[in-house]
Every structure is written in C-alpha cells, then in structure tokens.
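# Residue-level structural notes
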Amino acid sequence: MRTGAAMSVQEHLQREDAESDWSADSWSDYGSRDKPGTTLGRTVPDGNVLFPDIFHTDRLLFYERFSAYQDYILAEYLEKVLEPCGWQAIWRTDVFQVLVGVVGVNFPALKAVVQLSEPFLCESQDSSFTQECMQELLELKEHQILLQELWVVYDESGEFDQTALAIEHLRFFYRCIWRTWDEEEEDEFDYFVRCVEPRLRLHYDILEQRVPSGLVLDYQNLLSQCEKLYEKFLNVRNSISSNDSDSEAENVSMVEGLKLYDKVEHLKQKLKLIENPLLRYVFGYQKYGSLQAKGLRPTGAKVIHVVPWTMTANLLHLLAREKLCPESCEDLEIQFHRDPLAAVNACYEGDRVIICPGHYFVDGVFSIADSVELEGYGLPDDVVIEKQGKGDNFFDCTGANIKISNLKLVQHGAVEGILNVHHGKTTLENCVLQCETTGITVRTSAELLMKNSDLYGAKGAGVEIYPGSSCSLLHNGIHHCKEGILIKNFLDEDYEVPKITMVHNMIHNNDGYGVVLVRPAMPSEMKDASGQGTTGNTQPTQAGDETACAEGSRKEQPGCVTDELELCKRAETSEQTENNSEIANVLGATSVKKRQIHKKRLSELGFTEADDNLMSQEMFVSVEGNQFKWNGKGSFGLFFF
C-alpha cells in the first residue's frame, strides 16, 4: 500500500479471508469502545533503562494485516483509527530510544508531533544524548517524527489499542511491503492486488516455513541488488534531468541509465516470480553449488556399507552369497551402520550402501556429493526410509553418477521435493516415492534417469524439469499429484532447453494436467489467450467415455460385444498416440522458437554466421507409448507467465 494509492481490491479478486473466521473488518475488533479494557498484550522494552511497557503488536495473523491494507489509502486508514493526541510512545532509532508524548499527528506526512516526556527517559549508544541535546534535535525536526519510529506505551483501558495497531501496520508496510520503485507504479487502483498481497503472502509463507531456505536467501539477495541498482538509476536519471545540454557526456549517461533500467527490470521480474506462489518455483536457485565431494579414500579402497534393521544368520548368509562376495573379494572392506543416513555420510567415491529390509525413520537430509550407489535388499515395500522432522529437503544429489534402487521413500514435513538432482547424473530404478510437497526436481545442468518406479502424492508436480537439464522417464507411474510432469523453459539466452525422453509411462489421476509446459508468453500469444493463464487439450478418454462408446455401438450392432470393446480399445489407443504426438510437437516447436530467438540475438550482436552445432541446440524429445488417464484438466497443457 502506498500513501496515495487506492487500496480497493478488484471485484474479481477471490477473498480468501471470507472463508476464514476473520471478517473483512476483523482489525476493528481490537480495542472496541463497546468492550472495556485492552485486548492486546504487553511487552517489556529491551535495554537497561526502565521504560514503561509497550503494546505487543508484532505477531499479527495474515488476515489481520490483509484486512487493514485491502480497503484503505494508508493516510485515510490512519486518520480513521489513530488517536490525534494524548498518548505516550518510545521513539526508537538505530542510535537511541527516548520516551515522548504525542500532542498531534500530521496525517499527510505520516508524522507525529511530539515533545519529551517527564521524567526524561533515554537510552543511547553515546552518553552525549542529554535532555538538552534531544530537545535541540526535536526542534531541528520541528517536533515531527515518523510514526513508524514510535512504539505506543501500554494502556489497560483499551483506548489506544487501535492506535498501536495502526502504527504497527504502518511500520510493517514500510519494512516488509514497500519498495522504493513502487512510486513508479502507474496503476494505483490495482496496487494491492499486484504488489501488497503477494508480498504479504510471501512474508507469512516464510514465517510458516513453506518456502525453502535457499529461495528465501536468494530473494533477500535479489532485493538488495535491486535496491542498490535502482538507487544508481535514480542518480543517473536525476543528473540527466538537471542538465539541459546535449553533450556527449549526457549521451553516455543516457546509455548507462538504459542499461541500469534493464537490469532493474530484470531483477524486479525475478522478485515477482518468487512473490507469486504459483510461479515461485519457476525461479531455480543453485543452493548446493558449494557442496564438495570427498573423492576417493586416501587408501584408494572402496567400501560396502551394510544397514541391517535386524541381522540374522540367514540374512547374513544371503548377503554374503549375493552381495558381499563378488568374484574378487579378498580386500573388500565391509562396514555396518545403524541407519541409512549414517551409512551415506560415511561414503566416499565409488562406495556402495546396501540397506536390509526394515522401516527406517530418518531425521535429516541425504546430501550425496560423490558417485555412490544406494540399494535396498529386497522389494521397495520391504525397505522403507521415512522422513521425520521438518526440513527443506529429503534427498539432494550432486554426485557425478548416483544410483538409487529398490527403495521406498516416504516424505513428511518438507518444504522442497522428495528428491532434488542439482548436478551430475542420478539414476532411480525400481523405487516407490510417496511425496508430500513436490516430487522429483531436475535442476539446470543435472541429469535424471528414472525407470520402473512409482511416484505419487505430490502437492506440486510429480517431476519438475528445469531448463538445461536432461530427463529420461521410462516405464514409470506418476499419479495422484497436482500436476504429473512440469517442464520449464524460459526461452532465455541464459538457459538451454531441456532434453526429455518419455517412454511407456502411465500418468494418471493427477489434479491438473498430465504434462505441463511453463514458459513466458509472446505478445501474440497473450492476445490470443485473452487473459487466460493456461491453455491445453481436452481430457483424455476415461472409463466413462469407454462405457458410453460401448453403449453407442451396442445400439447399432446388438450382441457384438467383442467388436464394441475392440473399437473402444482402438479409439483409446488412437487418443493416446495423439497425446504423445502433441506433446512432442509442442516441445519441438518451443525448441525452434528458442533457436530463432538465439539467432536473432546473435544477429543483433553482429554475428551473421553462427556455429551450426550451436544453432542446432534444440530440445531433444522422445515421447512414445505413454498413457494419460483420468487427469483433471487433460493430458497436456501450456502455462504462460
């Protein structure tokens, strides 16, 4: 919310607060004149000086802040609820804090008119802040200080509850919502929808640990970079506007200003991606780039790590015969561990972990930076590793060649997906993955080979494929997720298109599409979409459709049940073939668009002839024999942003 921006939400906005116990005017429940006494808590100020207690207002719920911001211009809201005088507050800065009394409010300037309270209470880093010095400082400021620098002194009567809440809303707004470039926003009416609400939701998503810590750090770094660049841009722009001459120096400044403007806009776009909960994970961050591999052991030996749930003589005999005694095992070293995480942490390059049947509960993250192999000894349902405790991830893979097989992974309390491939190649074979957030994420420059596995339960996509990655999905089941497979292509010169192979997968019962391609929209596409964010094909043939087909055929040729079923089967086969072809064609067309954009950029830089190998860098696509059934929105969709 900005000081002069209209704060009404457009009528089409879906107000989630209407579904909660908080009404649109819930903020007015505090300090109601019809209710005697305060409804707010109190807290003791920090420091050595015995200041009076202040109102405790910094732990408000999302809907309390949402309701305060959505319908008001900031100055109008403050004028509506703020007591104009007669209350005390602690004035806090980075250098000092002092007790003051408020004798007036300058609402347009969002400032309070104050005077020092008696007795004089002040705490500072420098003992030179005497009463006389503070009085001089106030006179220089004409006794007006910013409202967000005031913490209202606690009062049991409830008379100043609304004042304390209003100042908290103002303080939170300038600390967590407002950006210096918001003054450039031309559409004031829609400011709440486009800026305030997304940033407010992001703040609470971070508080409630729904955003990965790495993404939070990236957001903070991007915000800091953008603020610094925007300040430089303003300085350059002001220097041009103050100089009317048409000199060479001014032309250079204009070029510099345009470059800074482009950089600022690029960073602002990235910030908006993270602020938008639907597009948040389109922005891929490199969280584990610094994770170092151990390499080979100093002795050069390779070790087999065995994790037994319970060890019996028969199990030991079977392990020795089938897993522990290859043709040459004279110098083979075997280590035993109590849990899978300890075994993985003890691995060096080339080691192997054999996990015996059992249900293992793990509180931690499997960070695999070396080329190691994890193998369950038995069927996946017999060797279960279940995540306990909260954390960002479950499995993070950065090794050059990692193999995971015959395991069932069960995820709980995570923010990110069940398995993240950040670098190198990870092979997943004959595994079951029971997800909670997203499923498998294949980051830029990483490679995944997943075959004969089953993945389900993801609240996001079952498999997320980032630009510049390579993903091969063979004979898998991906079902009961929000989306089946999410392919991300930025059409940006910084990213190569992903290489994708999908053969004989069963993708079914997902809430959205079986496969979704996410990419920026071209201007012509935005016009064609007419404001719709997603386009896609129709829902593939389902059980109900097959029944209807059979019934229709039965009316024409009674008794020919075998022929009817054969016709339906052929129709379904044709439908699935069309689905596979459509996916391959759209992904291929996206690759061509990428190549055209790249060629155009090279031409703009003066390169009239490009390397044939570079220009043929297209999305490698092999989509064959996949089946799509009972997906909520259909087999394939496009999502533009």
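The chain appears in an unreviewed UniProt entry as SHC SH2 domain-binding protein 1 from Lamprotornis superbus. Per its UniProt entry, the chain bears the Subunit (unreviewed entry) comment "Interacts directly with isoform p52shc of SHC1 via its SH2 domain. Interacts with TRIM71; leading to enhanced SHCBP1 protein stability. Interacts with both members of the centralspindlin complex, KIF23 and RACGAP1." Recorded in UniProt for the chain, the comment headed Function (unreviewed entry) runs: "May play a role in signaling pathways governing cellular proliferation, cell growth and differentiation. May be a component of a novel signaling pathway downstream of Shc. Acts as a positive regulator of FGF signaling in neural progenitor cells."

With the rule as written, the count across this model stands at 19 aromatic pairs. Taking 6.4 Å as the distance between ring centres and 65° as the angle between the ring planes, the aromatic pair formed by Tyr63 and Phe66 counts as edge-to-face. In this pair, Tyr63 and Phe66 both sit in helix H1 (residues 62-70), 3 residues apart, roughly one turn of the helix. For Phe66, a relative accessible area of 0% puts it in the buried group. In textbook terms, an aromatic cluster arises when at least three aromatic residues are bridged by ring pairs, as seen for Phe62, Tyr63, Phe66, Phe192 and Tyr204. Taking NZ or CZ as reference, Arg92 lies 4.8 Å from the ring centre of Trp151, over its face.

Another aspect to go through is the pairing of strand E3 (residues 87-92). Here 6 bridges tie E3 to strand E4 (residues 96-106), and the two strands are oriented antiparallel to one another. The residue bridging Ala89 from the neighbouring strand is Val100, located in E4. From the end of E3 to the start of E4, which pair antiparallel, there are 3 residues. Note that E3 and strand E8 (residues 150-152) share 3 bridges and pair antiparallel. Looking across to E8, one finds that Ile90 is bridged to Trp151.

In this section: helix H2 (residues 74-81). Looking only at H2, the buried set comprises Leu74, Ala75, Tyr77, Leu78 and Val81. The arc that holds every buried residue of H2, seen down its axis, measures 160°, which confines them to one face. Exposed side of H2, more than 90 degrees from the buried face: Glu79 and Lys80 are the residues found there. Buried residues along H2 sit in contact with H1 and helix H4 (161-177).

This paragraph deals with a positive patch on the surface. Taken together, the side chains of Lys228, Lys232, Lys259 and Lys263 make up a positively charged region of the molecular surface. Along the chain, the position of Lys259 falls in helix H7 (residues 248-275).

To continue, consider the environment of Thr444. Tracing the backbone through its elements, the reader meets Thr444 in the loop between strand E22 (440-442) and strand E23 (447-451). A sequence separation of 23 residues divides Thr444 from Pro467, and the C-alpha atoms of the two residues are 5.5 Å apart. Side-chain polar atoms of Thr444 contact the backbone oxygen of Pro467, separated by 2.9 Å.

Reading across from one edge, E10-E9-E11-E14-E17-E20-E23-E26-E29-E33 is the order of the 10 strands in this open sheet, with parallel pairing throughout. Each edge of the sheet is formed by a strand with only one pairing partner; in this case those strands are strand E10 (333-336) and strand E33 (621-624). When strand polarity is set aside, the average angle formed by the axes of neighbouring strands in this sheet is 10°. Inspection of the sheet shows strand E14 (residues 373-376) paired to strand E17 (residues 401-405) by 3 bridges, in the parallel sense. Residue pairing for E17: Leu374 is matched across the bridge by Ile404.

The strands that make up a sheet pair up through hydrogen bonds in the backbone, lying either parallel or antiparallel. A sheet is described by the order of its strands in space; here 8 strands give the open sequence E12-E15-E18-E21-E24-E27-E30-E34, paired in parallel fashion. This sheet does not close on itself; its edge strands, each paired only once, are strand E12 (358-362) and strand E34 (627-629). Each strand of the sheet is rotated relative to its neighbour by a mean of 10°, with strand direction disregarded. Two elements, strand E24 (residues 454-456) and strand E27 (residues 477-479), share 3 bridges in a ladder whose sense is parallel. Residue pairing for E27: Leu455 is matched across the bridge by Ile478.

Rules used in this analysis
Residues numbered from 1 in each chain as written. Predicted model: local features only at pLDDT ≥ 70, side-chain atom pairs only at ≥ 80, totals over all residues. Heavy atoms only, no water. UniProt positions renumbered as here; feature names shortened; annotations may be inferred. Phe/Tyr/Trp six-rings, centres within 6.5 Å; stacked < 30°, edge-to-face > 60°. Helix = DSSP H or I, 4+ residues; strand = E, 2+ residues; numbered from the N terminus. Buried < 20%, exposed > 50% of the residue type's maximum accessible area, 1.4 Å probe, protein only. Lys NZ or Arg CZ within 6 Å of the ring centre and 35° of its normal. Pairing = 2+ DSSP bridges. Arc of directions from axis to C-beta. Contact = heavy atoms within 4.5 Å. Patch = residues over 30% accessible without salt bridge, like charges linked within 9 Å, V, L, I, M, F, W, Y side chains within 5 Å. Areas by Shrake-Rupley, 256 points an atom, 1.4 Å probe, with all protein chains shown as cover. Salt bridge = Lys/Arg side-chain N within 4 Å of Asp/Glu carboxyl O. Lys, Arg positive; Asp, Glu negative; His and termini not counted. Charge placed at Lys NZ, Arg CZ, Asp CG, Glu CD. Polar contact = N/O pair within 3.5 Å; in protein donor to acceptor, adjacent residues only side chain to side chain. Axes fitted to C-alpha atoms, helices over the stretch in contact; angles between N-to-C directions.

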